[in-house]
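Coordinates in review
These are the residues of each chain, in order.
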Amino acid sequence: MTKRLFQSPKGIKDILPDQQPHWQFVEKKIHRIGQLYGYEKLELPVFEETALFQRGVGEGTDIVEKEMYTFKDKSGTSVTLRPEFTAGVVRAYLQHGLSNLPSPVKIWSLGPVFRYERPQAGRFRQHSQFNVEALGEQDPALDFEIMSIAYHLFEDLGFRKIHFQINSIGCPMCRPNYLRALIDYYQPIQAKICRECQKRLKKNPLRLLDCKNPLCRSPIEKAPPSVHFLCKECEIHFETLKTYLDRLKRPYTQNHRLVRGLDYYTKTVFEVWVEGIGAQNAVCGGGRYDGLAEALGGPPTPGVGFASGLERIILTLKEQKVEIPEPVRPNVYFAFQGDDAKNKVVEFLSILRKHNIEAIMGFGSRSLKSQLREANRRNIQFVIILGENEMAQKKVLIKTMEGGVQESVSWDGLIPFFEKRIGSS
Ligand SMILES: [Zn+2]
Ligand SMILES: [Zn+2]
């Protein structure tokens, strides 16, 4: 057998310790936002029955057609690593009778999602998603609340130029009229659009509007917008949502290219764009899905939500040069000379940590000099030295690395010393 070093799978990356301050910064904000808006956390399994996503994300979407990690388990059941959260949230809502809770049921989740995409900058086959859903209400004020959570989070993270793109794609009452108008518009110019779009025209005409092929740019611009075809109810919903955005002075642009090409997506669709390097950068997407619960076999249950990728958020934090708080590091390094001292250090360390003082020690049988070098590399504030002399006198030598002051402190005085110095600094 040849020896080889394993690598992480293609398109999957490790999040190393030096990245953690950014991740913790974002995760802390997410927890706080959840509390502020009265949303509770829901933990979902990483994989579900494949049929849930086929129905809940939709056949005919890129996710279901090309991007899912699907495999058979040992019983022959087809399972899929979750490519998104919403289907699982609604599945859990129906399965556990959460509709009996006060309405709306407000949920957030955080964790990895999996998509088999071509690896490229900022896109990973496993990435982390922050997902928010509110189930049980049709009120446009709830759409606004969902959008506000995203806005508030990005504002709190220090993002600049936060801006909504919004659209309404109507409901099963009014959308057929719109789709007919869209097909009537596209049919005569079929030869001028891309191959993929020629297929969409037959299979999923709404998706014609979010084609990124330059060939399709000009036809999209001239296409009829869905907002011209809304029924009364959808129109009032959209207008009311906009009055909330206006009242709170949230910048938004009506973007008729914004669509989600599935039947159970209804009314509101939105994205949040922020300033990035070069082009505008979508950091979040969401909308209303009043038909999803029924598509999953449940009673009619309106819902609205969004998802935002943490890798994208962290990339944006770096692009916008947002300052991240320094991570908590050990303040104290315990160095020793000889086995007796080492035994004592093991004991002292346990006491220091019990007193909430971040402390570490040197391991192995390194010289005192090499231990001090290590403390230096780790940027430690205080080094405690327990040598043979100090053992005999039941004392330690405490060296403040910045400034190089040394103090002799009795064993009993050790904790008071740090409680005073670290507590006040
Ligand atoms: Zn409608
Ligand atoms: Zn196209």
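Treat the numbers as computed from the prediction; the structure is a model and nothing was measured.

The biggest cluster of nonpolar side chains holds 70 residues, and the ones touching the most others in it are V26, I146, A150, F154, V272 and V274. Of all the elements, helix α5 (residues 140-156) adds the most residues to this core, at 9 residues. Apart from the residues lying within four places of it in its own chain, the contact partners of A150 are V272, C284, F306 and S308. Membership of the second largest hydrophobic core comes to 23 residues, among which are A375, I380, V383 and L386.

Moving on to the sheet that holds strand β4 (residues 78-81). Strand order in the open sheet formed by 3 strands is β2-β4-β3, and the pairing between neighbours is antiparallel. Sheet topology places β2 (47-49) and β3 (70-72) at the edges, where each strand pairs with a single neighbour. Taking the axes of each pair of neighbouring strands and ignoring which way they run, one obtains an average angle of 35° across the sheet. In the sheet, β3 pairs with β4 via 3 bridges, with the strands oriented antiparallel. Bridging from a neighbouring strand, F71 pairs with V79 of β4. With respect to the sheet, helix α2 (residues 50-58) is in contact with β2, β3 and β4, its orientation differing from that of β2 by roughly 85°.

Right, let's talk about unusual backbone geometry for a bit. Cis geometry marks the peptide bond from S103 to P104; its omega dihedral reads 0°. Its place among the elements puts P104 in the loop between α4 (86-95) and β5 (105-114). Located in the positive-phi region is K249, a residue other than glycine, with phi close to 55°. You can see K249 is positioned in the loop between α9 (232-247) and β8 (252-254). Classification of K249 by C-beta neighbours within 10 Å gives exposed; the count is 6.

The rules we used
- Residues numbered from 1 in each chain as written.
- Chains lettered and ligands numbered in written order.
- Predicted model: local features only at pLDDT ≥ 70, side-chain atom pairs only at ≥ 80, totals over all residues.
- Core = buried A, V, L, I, M, F, W, Y, C linked by C-beta atoms within 7 Å.
- Buried ≥ 20, exposed ≤ 12 C-beta atoms within 10 Å, placed from the backbone.
- Helix = DSSP H or I, 4+ residues; strand = E, 2+ residues; numbered from the N terminus.
- Contact = placed C-beta atoms within 7 Å.
- Pairing = 2+ DSSP bridges.
- Axes fitted to C-alpha atoms, helices over the stretch in contact; angles between N-to-C directions.

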